[in-house]
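The primary structure of each chain is shown beneath.
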Amino acid sequence: MKDISLMSRAELVHELIAPTPTSAAETAATYAENQDSRRSGIRDALVCHKLAVARELLLRDLAKRMKAEPVLTAPAVVREWLQLYCANLEHEVFIVLLLDAQNRLIEAHELFRGTLSQTSVYPREVVKATLARNAAAVMFAHNHPSGVAEPSRADELLTQSLKQALALVDVRVLDHFVVAGTRTVSFAERELI
């Protein structure tokens, strides 16, 4: 099956609305010993696929909105995108939202992937990614798989370190979000930036 992230919008919509296929495997499963569990497994896989396709469409639509207008005028869109992207991951990720001079999204980039409880973030790589896309400002985000959205002291120190490194190349740090389940905490709202 084709990677969902590589599919065009038209292909995604087709995948989402396509009728449930009746395959030879599904027909054979009907007559097999464990026909109920097999049908259930096929049905579950189909539902998971449709949900992944719908998620990808939503992510793209929210990113399109962030590219069209300054992210500071639509903080709810940013939060929705972040929650959709990383709220239910079982490992930490560190994301950089690269913004132009009008604070519109250039690109959202997952720079680092970690374990259940931590991610190593390297300021040099953040600066390189920012300069490579000619960003004027950035927003950071990472998730807490634990479900606790409170920023740790290490999160605060990392943010200050990244802010100092990016200030050397005239890139503003607008916010850092911590995402955990349905809760998203903003450093800017808490005056931690």
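These notes cover the structure that comes with them. (Residues numbered from 1 in each chain as written. Predicted model: local features only at pLDDT ≥ 70, side-chain atom pairs only at ≥ 80, totals over all residues. Heavy atoms only, no water.)

### Let's talk about a nonpolar patch on the surface
Here is the rule: Residues qualify for a patch when their relative accessible area is over 30% and they have no salt bridge, like charges being joined within 9 Å and the nonpolar side chains of Val, Leu, Ile, Met, Phe, Trp and Tyr within 5 Å. Under the convention used here, a 1.4 Å probe and the Shrake-Rupley method define accessible areas, while residue burial counts only the protein chains that appear. What makes a salt bridge here is a side-chain nitrogen of Lys or Arg within 4 Å of a carboxyl oxygen of Asp or Glu, nothing more. Secondary structure elements follow DSSP: runs of H or I no shorter than four residues count as helices, runs of E no shorter than two count as strands, and numbering proceeds from the N terminus. Throughout this description, buried means an accessible area under 20% of the type-specific maximum (1.4 Å probe, protein chains only), exposed means over 50%, and partly exposed covers the range between.
Residues Leu131, Leu168 and Val169 make up a contiguous nonpolar surface patch of about 300 Å² in total accessible area. You can see Val169 is positioned in the loop between α6 (153–167) and β4 (172–180). With a relative accessible area of 30%, Val169 lands in the partly exposed category.

### Overview of the sheet that holds strand β1 (residues 93–99)
Let me state the cut-off plainly: Any two strands with at least two DSSP-identified bridges between them are counted as paired. To get an axis, fit a line to the C-alpha atoms, keeping to the stretch in contact for a helix; angles then go from 0 to 180 degrees between the N-to-C directions.
Taken in spatial order, the five strands make up an open sheet running β2-β1-β3-β4-β5, and their pairing is mixed. Each having just a single partner strand, β2 (105–113) and β5 (183–186) make up the two edges of the open sheet. On average, each strand axis in the sheet is inclined to that of its neighbour by 20 degrees, with strand direction left out of account. Pairing geometry for β1 and strand β3 (residues 137–143), over six bridges, is antiparallel. Looking across to β3, one finds that Leu99 is bridged to Ala137.

### Things to note about helix α4 (residues 75–86)
This is how the line gets drawn: To estimate how far a helix should reach, multiply one less than its number of residues by 1.5 Å.
The terminal C-alpha atoms of α4 lie 17 Å apart, and with 12 residues this matches the ideal 16 Å at 1.5 Å per residue to within 8%. For α4, the complete set of buried residues consists of Val77, Val78, Arg79, Trp81, Leu82 and Cys86.

### Observations regarding the pattern of salt bridges
Following the criterion strictly, the structure yields nine salt bridges and no others. The closest approach of N and O atoms between Asp100 and Arg104, which form a salt bridge, is 3.0 Å. Exposure remark for Asp100: the relative accessible area of 17% places this residue in the buried category. The class for Arg104 is partly exposed, based on a relative accessible area of 28%. Here Arg190 makes a salt bridge to Glu150, at a shortest N to O gap of 2.6 Å. Highlighted residues: Arg190 in the segment after β5 and Glu150 in the loop between β3 and α6, separated in sequence by 40 residues. Classification of Arg190 by relative accessible area gives partly exposed; the value is 36%.

### Observations concerning the pairing of β3
Across the seven residues of β3, seven count as buried, placing the element largely inside the fold. Where β3 meets β4, seven bridges bridge the pair, whose relative direction is parallel. When the sheet's bridge partners are listed, Asn143 is paired in β4 with Val179.

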